[in-house]
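These are the residues of each chain, in order.
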Amino acid sequence: MKIDLNTFESVSTPTYIIEEKRLRRNLELIRRVSDEADIDIILAFKAFALWKTFPVFREYISATTASSLYEARLARDEFGSLAHTYSPAYADYEIDDIARCSSHLTFNSLSQYSRLHARVKAVNPAVSIGLRVNPEYSEVGTDLYNPCAPGTRFGIVADKLPDVLPEDVEGFHCHCHCESGADVFQRTLEHITGKFSKWFGQLKWINFGGGHLMTREGYDTGLLVSMMCDIHRRYPHLRIILEPGSAFGWQTGALVSQVVDIVEDHGIKTAILNVSFTCHMPDCLEMPYMPAVRGAEVPDDRASSSDENVYRLGGNSCLSGDFMGMWRFDKPLVVGDKVIFEDMLHYTTVKTNMFNGITHPSIAMAHSDGTLEMLRVYGYEDYRSRMD
């Protein structure tokens with residue numbers, strides 16, 4: 001069926017809708033940056049893993065990054081290439097399968113490396129082994145997302161590395177960003193090179209991780225390209241890898257929901273939706289952040305919750321805190337009205353759950369020709385299978 005991307009008039013049940021035109025726009029920019037900077041930019045599944053969209057991705061990129069056995073299998077089985085894999089810790093009962101699914105495998109600690117590297121090489125002699133390093137610097141303001149916060153469990157600090165790396169260590173992995181700009185990367189890069197460049201001559205590659213939000217409006221892609229070209233000049237033997245997640249799915253689609261009831265208590269009007277923040281938009285509560293709602297605005301501090309057309313939005317789970325607010329709409333909401341949450345594809349579809357057995361939103365793609373393809377419609381059996 002044809003879809004109106006402004007109103008989603010024909011969508012009557014909760015649905016994540018990814019727009020092919022927007023996805024291709026991001027992919028084209030990412031490929032251009034990759035070509036100009038002569039670096040590998042690969043998709044991080046932790047932010048976006050809708051495998052039915054992989055045929056589009058494969059037109060622009062050739063590899064992905066995984067953080068677990070199942071993500072590594074998704075890379076091999078559905079994307080069609082072995083994964084760049086990193087995990088805080090590999091379990092003995094999974095490491096062999098992970099190695100088989102990986103082209104690059106990064107260890108988080110020297111103890112994990114010492115215990116498992118020979119086994120990894122025995123299973124997959126071609127795998128390239130790396131170590132995650134911690135530059136002890138990050139500008140991520142929310143500790144929940146700061147991989148370099150004091151006491152972090154991620155990576156090895158410089159003074160714990162031997163002067164001569166083990167013979168089979170070929171790369172460093174360093175992740176310090178979260179939806180950051182190129183200026184943040186520029187400042188962080190000074191710390192990375194300052195602490196770890198003395199080992200660069202012993203390496204074949206360096207992975208600067210994710211969080212490089214190069215598809216966001218205002219991101220300085222020219223600065224990013226310039227920095228990477230400078231690294232090439234200084235260390236021409238190093239292959240450079242970036243693995244953003246959000247940048248691929250940024251502003252590519254919405255979560256369409258409907259109002260099922262409106263309740264009021266102590267002057268607060270809550271529009272209860274047929275979606276849930278805790279189940280379907282968990283980052284909103286975890287970060288926390290206020291998502292953009294189409295046709296609505298967040299009122300200033302002077303506004304009262306009792307003002308006309310101002311509503312708190314509530315999810316339909318039994319969690320008391322499954323709500324956010326306030327938003328001012330153009331007109332009073334009524335049961336059946338659509339509430340459209342913008343930019344709800346990255347770090348959302350990968351984190352949803354079926355708490356309370358709430359009906360899970362469908363997943364659809366709006367193709368460039370205006371047709372809507374349902375990629376997945378969830379039902380009772382999906383919930384039941386999770387309870388087995």
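Placed above this text is the structure.
One structure accompanies this document, and this report is about it. (Residues numbered from 1 in each chain as written. Predicted model: local features only at pLDDT ≥ 70, side-chain atom pairs only at ≥ 80, totals over all residues. Heavy atoms only, no water.)

**As for the overall build of the protein chain**
Here's step 1: Per the secondary structure count, the protein chain includes eleven helices and 18 strands.
Here's step 2: Over its C-alpha atoms the protein chain spans a radius of gyration of 23 Å, differing by no more than 12% from the 21 Å that the globule rule assigns to 388 residues.
Here's step 3: Counting only C-alpha atoms and orienting by the principal axes, one finds that the protein chain spans roughly 65 × 45 × 40 Å.
Here's step 4: The buried share among the 388 residues of the protein chain stands at 54%.
Here's step 5: Here the analysis covers contacts within the protein chain between residues at least 6 apart in sequence; of these, 70% occur between residues at least 24 apart. (Helix = DSSP H or I, 4+ residues; strand = E, 2+ residues; numbered from the N terminus. Rg over C-alpha atoms; globule rule 2.2 N^0.38 Å. Buried < 20%, exposed > 50% of the residue type's maximum accessible area, 1.4 Å probe, protein only. Contact = heavy atoms within 4.5 Å.)

**Some thoughts on the side chain of glutamate 170**
Here's step 1: Locating glutamate 170 in the fold gives a position in strand E8 (residues 169-173).
Here's step 2: Setting aside its immediate chain neighbours within four residues, glutamate 170 contacts Ser128, Ile129, Leu203, Lys204 and Trp205.

**Focus on empty space enclosed by the protein**
Here's step 1: Evaluation of the coordinates by the stated rule reveals one cavity of 30 Å³ or more.
Here's step 2: Within this model, the largest cavity holds a volume of roughly 50 Å³.
Here's step 3: Around the largest cavity, the lining residues are Thr65, His84, Thr85, Tyr86, His104, Thr106, His173, Trp205, Asn207 and Glu243.
Here's step 4: If you list the elements that add at least two residues to the lining of the largest cavity, you get strand E5 (83-86), strand E6 (102-107) and strand E9 (205-207).
Here's step 5: In terms of residue count, the dominant contributor to the lining of the largest cavity is E5 (three residues).
Here's step 6: Of the residues that constitute the lining of the largest cavity, the class distribution is two nonpolar, seven polar and one charged. (1 Å grid on protein atoms, 1.4 Å probe; cavity = no way out; pocket = protein on both sides within 12 Å on 5 of 7 lines; lining within 4 Å. Points joined across faces, edges and corners; volume = space filled by probe spheres on them. Nonpolar A, V, L, I, M, F, W, Y, C, P; charged D, E, K, R; others polar.)

**Concerning the sheet that holds strand E10 (residues 239-242)**
Here's step 1: Spatially, the nine strands line up as an open sheet ordered E2-E10-E9-E8-E7-E6-E5-E4-E3, and their pairing is parallel. Two strands in the sheet have a free side with no partner beyond their single neighbour: strand E2 (40-41) and strand E3 (43-44).
Here's step 2: Judged from the two bridges that link them, E2 and E10 form a sheet pairing that is parallel. Bridge pairing in E10 links aspartate 40 to isoleucine 241. (Pairing = 2+ DSSP bridges.)

**Quick look at helix H6 (residues 182-196)**
Every α-helical turn comprises 3.6 residues, leaving residues that sit three or four positions apart pointing alike.
Here's step 1: The end-to-end C-alpha distance of H6, which contains 15 residues, comes to 20 Å, matching closely the 21 Å that a straight helix rising 1.5 Å per residue would cover.
Here's step 2: Listing the buried residues of H6 in full gives Ala182, Val184, Phe185, Thr188, Leu189, Ile192, Thr193 and Phe196.
Here's step 3: Of the surrounding secondary structure, the elements contacted by the buried residues of H6 are E8, helix H7 (221-234) and E10. (Expected span 1.5 Å × (residues − 1).)

**Quick notes on the packing of helix H1 (residues 20-37) against H7**
Here's step 1: Close contact between H1 and H7 brings their axes to 9 Å; oriented N to C, the two are set at 30°. Between H1 and H7, the angle falls in the class roughly parallel. Here H1 runs over H7; the crossing is right-handed. In this structure, H1 uses Leu29, Arg32, Val33, Glu36 and Ala37 to contact H7, whose residues at the interface are Thr221, Leu224, Val225, Met228, Cys229 and His232. (Axes fitted to C-alpha atoms, helices over the stretch in contact; angles between N-to-C directions. Parallel < 35°, antiparallel > 145°, perpendicular 65-115°, else oblique. Left-handed = near helix turned anticlockwise from the far one by under 90°.)

**Let's talk about the pairing of E6**
Here's step 1: Burial runs high along E6: five of the six residues are buried.
Here's step 2: Where E5 lies against E6, four bridges are found, and the strand directions are parallel. Among the inter-strand pairings, threonine 85 is bridged to a residue of E6, identified as leucine 105.
Here's step 3: Of the crossover connections in this fold, the one passing from E5 over helix H4 (residues 95-100) to the parallel E6 is right-handed.
Here's step 4: For the crossover from E6 across helix H5 (residues 110-123) to strand E7 (residues 128-132), the handedness is right-handed. (Right-handed = clockwise from strand over helix to strand, strands pointing away.)

**A short note on the pairing of strand E18 (residues 372-376)**
Here's step 1: Across four bridges, strand E17 (residues 362-366) lies against E18 in antiparallel orientation. Bridge assignment links methionine 365 to a residue of E18, and that residue is glutamate 373.

**Describing the nonpolar core**
Here's step 1: Phe57, Phe172, Leu224, Met228, Leu313 and Phe341 are the most contacted members of the largest nonpolar core, which has 96 residues in total.
Here's step 2: Counting residues per element, this core draws most heavily on H7, which supplies six residues.
Here's step 3: By size, the runner-up hydrophobic cluster in this structure holds ten residues, among which are Ile17, Val256, Ile340 and Leu372. (Core = buried A, V, L, I, M, F, W, Y, C linked by side-chain atoms within 4.5 Å.)

**Some points on the layout of surface pockets**
Here's step 1: Estimated volume of the largest pocket: approximately 1100 Å³.
Here's step 2: What lines the largest pocket is a set of 48 residues, among which Lys46, Tyr145, His175, Cys178 and Tyr347 lie closest to the centre.
Here's step 3: If you list the elements that add at least two residues to the lining of the largest pocket, you get strand E4 (64-66), helix H8 (246-249) and helix H10 (282-286).
Here's step 4: The class makeup of the residues in the lining of the largest pocket is 20 nonpolar, 16 polar and twelve charged.
Here's step 5: Looking at the second largest pocket, its volume works out to about 480 Å³.
Here's step 6: Surrounding the second largest pocket, 17 residues form its lining, Ala49, Leu50, Trp51, Thr349 and Tyr378 being those nearest its centre.
Here's step 7: Among the elements of the structure, helix H3 (69-79) and E18 are those that each provide at least two residues to the lining of the second largest pocket.
Here's step 8: In the lining of the second largest pocket, the residues fall into nine nonpolar, three polar and five charged.

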